[in-house]
Amino acid sequence: MQFYAEPLSRLIDELRRLPGVGAKTGQRLAFHLLAMAPADVQRLADTMVEARRRITDCSICGNLTEADPCVTCSDPSRDRSCICVVERPEDVIAMERTREYRGVYHVLGAAISPMEGVGPGDIRLAELVNRVKAGGVTEIIVATNPNTEGEVTAVYIANLLRPLGVRVSRIAHGVPVGGDLEYADEVTLARALEGRRVM
Amino acid sequence: MAMVGCEGIVLRVRDFNEADRILTILSAAEGKFEAVARGARRPRSSMAGAAQLFTRANMMLFRGRSLDTLSSAEVLSTHQRVRSDLACMAYGSYIAELTDAMTAEREPAPDVYSLVCSTLAALDRKEARPAVVALGFEMKFLSLIGFKPELRQCVSCGAREPEADWFGPNEGGLLCARCRANDLTAVPVGDEARGLLRALMVRPYARLSGVGENGKAYVQARTALRRYVDLRVESSLRTLEFIDDVNSMGREEANDSEGGLEPDRQVT
């Protein structure tokens, strides 16, 4: 039995292709779109198409950008001797929010994951090696996520770049600022102990 | 909702919603089941450490209709080395995926749980040889879940060794030269390879450390077991493709005089 009119059914199917959107959420979003004014729906559709058309990957760092190279890569005040390696463009935003980091970035696109079939050849590692080989880089900060995939990616990058004579460091893991020790899990606390520093 | 406690090991992790993770957990008493770890991707989550692949933990769970919810966890082992070495992680992931593919949900599996724990512990050792450990796991695991191959005589006519010097994945064990036509997928297994297959089945991992990875016997035993596993697992395993890809990449790079991607150690 056909519950929805055909265009509505197609809209729900398309929305369900978005991450985190299941049948219920797809239906809710579709009904909301149909309740919106036609001009608002048109503006939303135009914005989506335009964003997709105008945003590309930076040819140097792989971050999302409108102009190539991106704002960070073309900023003369940035320290090009230090590259922070992250998994995804969202991680660049997170690092930038710290307002502490003045180097440049390298976005891998993903982390190595045997379960997902993502191998070292599927992420932007060759581009990273080429950037280091081009010279002028003294430090690579590996800021992949502190999970299984991020850890193995970090170790792989360290092994890959060590022969090139560049310093490879890993962001510290430990107790979050403002958190109580009592509520920290054992793994995080153990990492915090490992990464302790002299005061 | 009822609350239950169990010791379990995380076989698979998937991101879910904004900051949650869905874990596939194997436990002795509960077998394989899924549970959601709410907020586990947030840095302040007390479950972030437990909601990681290969973590063994004492867990408290709220029983749900389709999905349990992880309430708290005390980590017993993170298998740190497995998580930080590409070869160990690749084979560890294969072990987890094979277990996931071949076990039924909510069926108590104390022997399988114990085998997975001891296998990951073996992989976690500094001197571990991941490919050999994985081969041992395949043989022990298949034997445990009801696919123990016949390794003493021809499964078809009963001819004893050394006459039975073929392995028939379809037939489920050794075949003699006369009966090997019964199984088109049969592969030759010499004296040493047959001995190795039996050793993989019964010896603990510590006693497999002397197995050479380049000899003819190893290659024959690996080929036979791979075909046997392929036949029993009804879907293709992503982790096996990953291992093959990384191995072929390693071989290409070894032939490339300019080096290219040169990992610390090749997955073999």
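All of these numbers come straight from a predicted model, not from anything done at the bench.

How each quantity is defined
Each chain carries its own residue numbering, running from 1 in the direction its sequence is written. To label them, take the chains in the order written and letter them from A, then take the ligands in the order written and number them from 1. Totals for whole chains, interfaces and linings use all residues, but because this is a predicted model, local features are given only for residues with pLDDT of at least 70 and pairs of side-chain atoms are given and counted only at 80 or more. The basis for the side-chain values is all heavy atoms of the structure; hydrogens and waters are excluded. Domains are outlined according to an automatic or database domain assignment. Throughout, buried area stands for the accessible area (probe radius 1.4 Å) lost by two parts on being put together, summed over both. For salt bridges, the criterion is a side-chain nitrogen of Lys or Arg within 4 Å of an Asp or Glu carboxyl oxygen. Here a polar contact means two N or O atoms within 3.5 Å. Within protein one must be a hydrogen donor candidate and the other an acceptor candidate, and residues neighboring in sequence count only if both atoms are side-chain atoms. Think of it this way: any DSSP run of H or I at least four residues long counts as a helix, any run of E at least two long counts as a strand, and we number them from the N terminus. Here, the term nonpolar core denotes a set of buried Ala, Val, Leu, Ile, Met, Phe, Trp, Tyr and Cys residues that are joined through side-chain atoms within 4.5 Å. Remark: exposure states derive from per-residue accessible area (1.4 Å probe, protein chains only) relative to the maximum for the residue type, with buried under 20%, exposed over 50%, and partly exposed in between. We call two residues in contact whenever any of their non-hydrogen atoms come within 4.5 Å of each other. Values of pLDDT, ranging from 0 to 100, describe the predictor's confidence in every residue of the model. For this classification, the nonpolar set comprises Ala, Val, Leu, Ile, Met, Phe, Trp, Tyr, Cys and Pro, the charged set comprises Asp, Glu, Lys and Arg, and every other residue, Gly included, is treated as polar.

**Some remarks on the domain arrangement of chain B**
Residues and elements named next belong to chain B.
In step 1: Domains assigned within chain B are domain 1 (2-78) and domain 2 (81-234).
In step 2: Spacing between the C-alpha centres of domain 1 and domain 2 amounts to 29 Å.
In step 3: Both faces considered, domain 1 and domain 2 share a buried interface measuring about 1,800 Å² in area, 61% of it formed by carbon and sulfur atoms.
In step 4: Seen at the junction of domain 1 and domain 2, the total is three salt bridges.
In step 5: The residue arginine 106 makes a salt bridge to glutamate 30 at a minimum N-O spacing of 3.4 Å.
In step 6: On the surface where domain 1 and domain 2 come into contact, there are seven residue pairs in polar contact (both at pLDDT 80 or more).
In step 7: Put simply, the parts of the chain that give the side of domain 1 that touches domain 2 at least two residues each are strand 1 (3-16), strand 2 (20-27) and strand 3 (31-37).
In step 8: With five residues, the single largest contributor to the side of domain 1 that touches domain 2 is strand 1.

**Some points on unusual backbone geometry**
In step 1: Note the cis peptide between A:Asp68 and A:Pro69, where omega equals 0 degrees.
In step 2: The topology assignment puts A:Pro69 in the loop between strand 2 (64-65) and strand 3 (79-86).
In step 3: A positive phi angle, close to 55 degrees, is found at A:Arg99, a residue other than glycine.
In step 4: The topology assignment puts A:Arg99 in the loop between helix 4 (89-97) and strand 4 (103-107).
In step 5: Here B:His79, not a glycine, exhibits a phi torsion of approximately 50 degrees, which is positive.
In step 6: Following the sequence through the fold, B:His79 ends up in the loop between strand 5 (68-77) and helix 1 (80-84).

**Looking at the nonpolar core**
In step 1: By size, the foremost hydrophobic cluster in this structure holds 92 residues, and its most contacted members are A:Ile140, B:Leu98, B:Phe167 and B:Leu197.
In step 2: No other element matches the 10 residues that helix 2 (residues 86-102) of chain B contributes to this core.
In step 3: In terms of domain composition, this core takes at least three residues from each of domain 1 (2-78) and domain 2 (81-234) of chain B.
In step 4: Not counting residues up to four positions away in its chain, the partners in contact with B:Leu197 are B:Met139, B:Leu151, B:Phe167, B:Val189, B:Ala221 and B:Leu225.
In step 5: Formed by 18 residues, the second largest nonpolar core is a distinct cluster that contains B:Cys6, B:Ala57, B:Leu70 and B:Ala73.

**Considering the confidence of the model for chain A**
In step 1: Counting all residues, the mean pLDDT for chain A is 92, and 99% of those residues have values of 70 or more.
In step 2: Considering each helix and strand of chain A separately, the mean pLDDT is smallest for helix 7 (residues 186-194) of chain A, with a value of 83, and largest for strand 4 of chain A, with 97.

**Description of the environment of A:Ile123**
All names here are of chain A.
In step 1: By secondary structure assignment, the location of isoleucine 123 is in the loop between strand 4 and helix 5 (125-133).
In step 2: Here the alpha-carbon distance between isoleucine 123 and arginine 102, two residues 21 residues apart in the chain, equals 24 Å.
In step 3: Apart from residues lying up to four places away in sequence, isoleucine 123 is in contact with Leu108, Ala110, Ala111, Ile112, Val118 and Thr153.

**A few points about the interface of chain A and chain B**
In step 1: At the interface, 33 residues of chain A touch 35 residues of chain B.
In step 2: Taken together, both faces of the contact between chain A and chain B bury some 2,800 Å²; the carbon and sulfur share is 62%.
In step 3: Interface area lost by chain A to chain B is led by A:Pro114, A:Met115 and A:Thr148, which between them contribute 27%.
In step 4: With its nearest N and O atoms 3.2 Å apart, the salt bridge here joins B:Arg238 to A:Glu116.
In step 5: Summed over the shared surface of chain A and chain B, the result is five residue pairs in polar contact (both at pLDDT 80 or more).
In step 6: Contributing elements (two or more residues each) for the side of chain A that touches chain B: helix 5, helix 6 (148-161) and helix 7 of chain A.
In step 7: At eight residues, helix 6 of chain A tops the list of elements feeding residues into the side of chain A that touches chain B.
In step 8: Counted by class, the side of chain A that touches chain B contains 17 nonpolar, nine polar and seven charged residues.

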